[in-house]
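# Overview (structure and organization)
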Amino acid sequence: ETGVTQSPTHLIKTRGQQVTLRCSSQSGHNTVSWYQQALGQGPQFIFQYYREEENGRGNFPPRFSGLQFPNYSSELNVNALELDDSALYLCASSFSGGAGYGYTFGSGTRLTVV
Amino acid sequence: EDQVTQSPEALRLQEGESSSLNCSYTVSGLRGLFWYRQDPGKGPEFLFTLYSAGEEKEKERLKATLTKKESFLHITAPKPEDSATYLCAVQAPNSGGYQKVTFGIGTKLQVIP
């Protein structure tokens, strides 16, 4: 059991640029959720992927997009970065969206937009 | 819209001084309530799931309870290593057909030796 791995751990981008964040799910998990956590706030739901399809989305604009691959790894893409996108981005994996057993979170990617 | 409110926002305790953290929620069709621990710069770590009013779960110095409107995380005789932010989250079905999880802002606990 390897847990959830996210890369990179830190990233600095310029406003208007695009960024891709990556996540490797825990072995045996087929669902991945992405969250944005601003400093001092709770995690905010971005979207969830199950079997390579988006099956749920929070209040985030279309410039936030994602992918899930056959091996259940995942990407979060953000286009046209804004200063307010600066946050900790968390990936969480689970089995069949069953958060009742608790999501397994990665350590996150700290994105700074300047 | 599902809402989770945690109080207090910050709590400072002396080592051994027991206390409780509160999580009140408004949700349609609760499927589960979760407690997570988050250390600075890290992802949340799962602690408990509670499914129905009256349910209790324990782990070391932590005990979580659930009513129809709120949950409490009781910390008995805390140690400095219990210092962290404790997050509460609720799971409920969404119109999109998936189980949405909504987090509170968290309670930042500091335990002083």
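Residues numbered from 1 in each chain as written. Chains lettered and ligands numbered in written order. Predicted model: local features only at pLDDT ≥ 70, side-chain atom pairs only at ≥ 80, totals over all residues. Heavy atoms only, no water.

Attention shifts here to the sheet that holds strand E3 (residues 19-26) of chain B. All names here are of chain B. What the five strands build is an open sheet, ordered E1-E3-E8-E7-E6; its pairing is antiparallel. The open sheet terminates on both sides in strands that have one partner only, identified here as strand E1 (3-7) and strand E6 (56-59). For this sheet, the mean angle separating the axes of adjacent strands, direction not counted, is 15 degrees. Where E6 lies against strand E7 (residues 62-66), four bridges are found, and the strand directions are antiparallel. Residue pairing for E7: Glu58 is matched across the bridge by Lys63. (Pairing = 2+ DSSP bridges. Helix = DSSP H or I, 4+ residues; strand = E, 2+ residues; numbered from the N terminus. Axes fitted to C-alpha atoms, helices over the stretch in contact; angles between N-to-C directions.)

This part takes up the state of the cysteines. Residues and elements named next belong to chain B. Taken as a whole and judged by the stated rule, the model has two disulfides over all chains. In this model Cys23 forms its disulfide with Cys88; the gap between the sulfur atoms is 2.0 Å. The disulfide joining Cys23 to Cys88 has a torsion of about -65 degrees about its S-S bond and is therefore left-handed. Residue Cys23 is located in strand E3, and its partner Cys88 is located in strand E9 (residues 84-93); the two are separated by 65 residues in the primary sequence. Side by side, Cys23 and Cys88 carry an identical accessibility label, which is buried. (Disulfide = S-S within 2.5 Å. Buried < 20%, exposed > 50% of the residue type's maximum accessible area, 1.4 Å probe, protein only.)

This brings us to unusual backbone geometry. For residues besides glycine, phi is generally negative; the peptide bonds are generally trans as well. Here the residue pair Ser7 of chain A and Pro8 of chain A is connected by a cis peptide bond, since its omega of -10 degrees sits within 30 degrees of zero. Tracing the backbone shows Pro8 of chain A in the loop between strand E1 (5-7) and strand E2 (10-13). A cis amide bond links Ser7 of chain B to the next residue, Pro8 of chain B, at an omega of -10 degrees. Relative to the helices and strands, Pro8 of chain B is located in the loop between E1 and strand E2 (10-14). Positive phi, normally seen in glycine, also occurs at Tyr72 of chain A, with a value near 70 degrees. Following the sequence through the fold, Tyr72 of chain A ends up in the loop between strand E7 (64-68) and strand E8 (74-78). Overall, Tyr72 of chain A belongs to the partly exposed group, its relative accessible area being 32%. The phi angle at Glu60 of chain B is positive, at roughly 55 degrees, despite the residue not being glycine. Looking at the secondary structure, you find Glu60 of chain B in the loop between E6 and E7. Residue classification places Glu60 of chain B among the exposed residues on the basis of a relative accessible area of 69%.

For the rest of this paragraph, the subject is the packing of aromatic side chains. This model, assessed by the stated rule, comprises eleven aromatic pairs over all chains. For the pair Phe60 of chain A and Phe64 of chain A, a centre-to-centre distance of 5.1 Å together with 70 degrees between the ring planes defines the contact as edge-to-face. Since its relative accessible area comes to 2%, Phe64 of chain A is described here as buried. On the numbers, 5.8 Å between centres and 70 degrees between planes, the contact of Tyr36 of chain B with Phe46 of chain B is edge-to-face. Separated by ten residues along the polypeptide, Tyr36 of chain B in strand E4 (residues 32-38) and Phe46 of chain B in strand E5 (residues 45-50) bring together distant segments of the chain. For Tyr36 of chain B, a relative accessible area of 1% corresponds to the buried category. (Phe/Tyr/Trp six-rings, centres within 6.5 Å; stacked < 30°, edge-to-face > 60°.)

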